Amino acid sequence: MSLKERHTTWILLRGLARQAGHWGRFKELFEKSVSPQPVLTIDLPGAGEFFEETSPANISGIMQFVRGQAILKSEPGSKLNLVAVSLGAMVAMQWLKERPGDLASAVLVNSSERSQSAIFERLRWQIWPKLLGLPFASSVKRREELILALVSNDQKARDELLAEWVRLAELQPVGTLSLLNQLKAAALFQGLSEPVDVPVLVVRSLGDRFVDPACSERLAKQWDWPLISHSWGGHDLAIDDPEWLVEQIKVWSQSLHNAQS
């Protein structure tokens, strides 16, 4: 029985200070190609629809919040498939660690954890001055331009998305305390301590200028998870090449079906 045929729900989880609206075309493409029903885009506490909440300062607390929303919004008894980016993928790993029975599968995109990678790899030292300058940007538009430049390697995508990202930032701004708490949670996050019986796919962008792609390689190697690499995409692969990412997840989910047949 395949992931499409089973009674499952696909959930998309975003990263640091991002929300459901930042998925761009990826969500629509994913629903057409992979999921037989609408996917859930659950925002982390402190972002998106929960921007008035304060984010916990640890990944476990963020995960418990997201899990509660998943249980509330998905059909009772359904297994959950996660597609998670960056900080969202840390939440997914914590979910695998604490509540693996909830999950049918997980896709981890451009993420890391502290036991396998150094701080200057998990947040590449070359971008630290740019990150520190974000609070002092002259306008919301300028700040979002700088963020897009950090996470995307596709100038056309950046130009097309800027106005929408500015709108989201003005409509549902992430509070300073939530941002700091998310940063602290990410910095302290330590991944799995033992294997889990849940299929996991690791995806990395070789052009990632935010997180060293070696972090994903180490995750995959440690737990013998399959690893797929995109040759040029940036940290936000879902906006740089959404078609490619959807196709990789589709092929992988079909391979799980074939293995189970």
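The structure under discussion appears in the preceding block.
All residue numbers refer to position in the chain's written sequence, counted from 1. At least 70 in pLDDT is required for a residue's local features to be given in this predicted model, at least 80 for side-chain atom pairs to be given and counted, and no such filter applies to totals for whole chains, interfaces and linings, which use all residues. Calculated side-chain values reflect all of the structure's heavy atoms, with hydrogen atoms and water omitted.

Draft legend 1. Fine view of the overall build of the protein chain. Comment: elements are numbered from the N terminus, with helices defined as DSSP H or I runs of at least four residues and strands as E runs of at least two. When helices and strands are tallied, the protein chain shows 11 helices and 6 strands. If one aligns the C-alpha atoms of the protein chain with their principal axes, the spans along those axes are about 55 × 35 × 35 Å. The cut-offs for exposure are 20% and 50% of the maximum accessible area for each residue type, with area from a 1.4 Å probe on protein chains only; residues under the lower value are buried, those over the upper are exposed, and the others partly exposed. Within the protein chain, the proportion of its 261 residues that are buried is 51%. Carbon and sulfur atoms make up 54% of the accessible area of the protein chain, which amounts to about 11,800 Å² in all. For the purpose of counting charges, residues Lys and Arg are taken to be positive, whereas Asp and Glu are taken to be negative. His and the chain ends are not included. The atom standing in for a charge is NZ when the residue is Lys, CZ when it is Arg, CG when it is Asp and CD when it is Glu. In the protein chain, the 28 positive side-chain charges and the 30 negative ones have mean positions that sit 3 Å from each other. Exposure was quantified through the Shrake-Rupley algorithm and a 1.4 Å probe, taking into account, for residues, occlusion by the shown protein chains and nothing else.

Draft legend 2. Examining the sheet that holds strand 4 (residues 103-109) more closely. Should DSSP find at least two bridges between two strands, the strands are regarded as paired. Reading across the sheet, the 6 strands line up as 2-1-3-4-5-6 and stay open at both edges, with parallel pairing between neighbours. Each of the sheet's edge strands pairs with one partner strand only, and the pair in question is strand 2 (40-41) and strand 6 (227-230). The sheet contact formed by strand 4 and strand 5 (residues 200-205) spans 4 bridges and is parallel. Paired with V107 across the bridge in strand 5 is L201. Working rule for contacts: check all heavy atoms of both residues, and any pair within 4.5 Å makes them a contact. Axes here refer to lines fitted to C-alpha atoms; in helices the fit is confined to the stretch in contact. Angles between the N-to-C directions go from 0 to 180 degrees. Helix-sheet contacts for helix 1 (residues 26-33) involve strand 1 (8-13), strand 2 and strand 3 (79-85), and the interaxial angle to strand 1 is about 160°. Here helix 3 (residues 87-98) sits on the sheet in contact with strand 1, strand 3, strand 4 and strand 5, set at roughly 145° to strand 3.

Draft legend 3. A look at the packing of aromatic side chains. Only Phe, Tyr and Trp rings take part, Trp by its six-membered ring, and two of them pair if their centres are within 6.5 Å. Stacked means planes under 30 degrees apart, edge-to-face means over 60, and tilted covers everything else. Under the defined criterion, the tally for this structure stands at 4 aromatic pairs. Measuring from centroid to centroid gives 5.1 Å for W10 and F30, while their planes differ by 75°, and the two rings are edge-to-face. Here the residue W10 occupies a position in strand 1, and F30 occupies one in helix 1, the gap between them amounting to 20 residues. Here F30 falls in the buried class, since its relative accessible area comes to 0%. Geometrically, the ring pair formed by F50 and F65 is edge-to-face, given 4.9 Å between the ring centres and 85° between the ring planes. Linking F50 in the loop between strand 2 and helix 2 (59-73) with F65 in helix 2, this pair joins segments that are 15 residues apart in sequence. Classification of F50 as buried rests on a relative accessible area of 10%. Looking at F65, the relative accessible area reads 22%, which means it is partly exposed. An aromatic cluster is defined as three or more aromatic residues linked by ring pairs; in this entry it consists of W10, W23, F26 and F30. The rule for a charge over a ring is simple: NZ of Lys or CZ of Arg within 6 Å of the ring centre, and within 35 degrees of the ring normal. Between the NZ or CZ atom of R14 and the centre of the ring of W23, over which it lies, the distance is 4.6 Å.

Draft legend 4. Structural detail: the pairing of strand 4. Counted residue by residue, strand 4 has 7 buried out of 7 residues, so it is predominantly covered. Pairing of strand 3 with strand 4 involves 6 bridges; the strand directions are parallel. From the neighbouring strand, L82 faces strand 4, where its bridge partner is A106. A crossover counts as right-handed when, viewed with the strands pointing away from the observer, the path leading from the first strand over the helix to the second turns clockwise. For the handedness criterion, the β-α-β arrangement of strand 3, helix 3 and strand 4 is classed as right-handed.

Draft legend 5. Focus on the packing of helix 1 against helix 11 (residues 242-260). Two elements in contact, helix 1 and helix 11, have axes whose closest approach is 9 Å; the angle formed by their N-to-C orientations is 35°. Relative to helix 11, the crossing made by helix 1 is right-handed. Counted together, F26, L29, F30 and S33 of helix 1 and P242, E243, L245, V246, I249 and K250 of helix 11 form the full contact between these two elements. Broken down by class, the residue content of the contact of helix 1 with helix 11 amounts to 7 nonpolar, 1 polar and 2 charged. Two helices crossing with the near one rotated counterclockwise from the far one by less than a right angle form a left-handed crossing, whereas a clockwise rotation gives a right-handed crossing. Note on residue classes: Ala, Val, Leu, Ile, Met, Phe, Trp, Tyr, Cys and Pro are nonpolar, Asp, Glu, Lys and Arg are charged, and everything else, Gly too, is polar.

Draft legend 6. Layout of helix 3. Taking 1.5 Å per residue, 12 residues should reach 16 Å; helix 3 reaches 17 Å between its end C-alpha atoms and fits that length. Counting buried positions along helix 3 gives 10 out of 12 residues, so the element sits mostly inside the fold. For helix 3, the set of buried residues is L87, G88, A89, M90, V91, A92, M93, Q94, W95 and L96. Residue count minus one, scaled by 1.5 Å, sets the expected span of a helix.

Draft legend 7. Molecular detail of the pattern of salt bridges. A pair is scored as a salt bridge if a Lys or Arg side-chain nitrogen falls within 4 Å of a carboxyl oxygen belonging to Asp or Glu. In the structure shown here, the tally under the stated rule is 13 salt bridges. Ionic pairing is found between R14 and D236, a salt bridge with its closest N-O pair at 2.9 Å. In this pair, R14 is assigned in the loop between strand 1 and helix 1 and D236 in the loop between strand 6 and helix 10 (237-240), connecting sequence segments 222 residues apart. The exposure class assigned to R14 is buried, which follows from its relative accessible area of 4%. When the shortest N-O distance is used, the salt bridge between E145 and R142 registers 3.4 Å. Of this pair, E145 and R142 both sit in helix 6 (residues 140-151), 3 residues apart, which is roughly one turn of that helix.

Read these as spatial facts, not as claims about activity.
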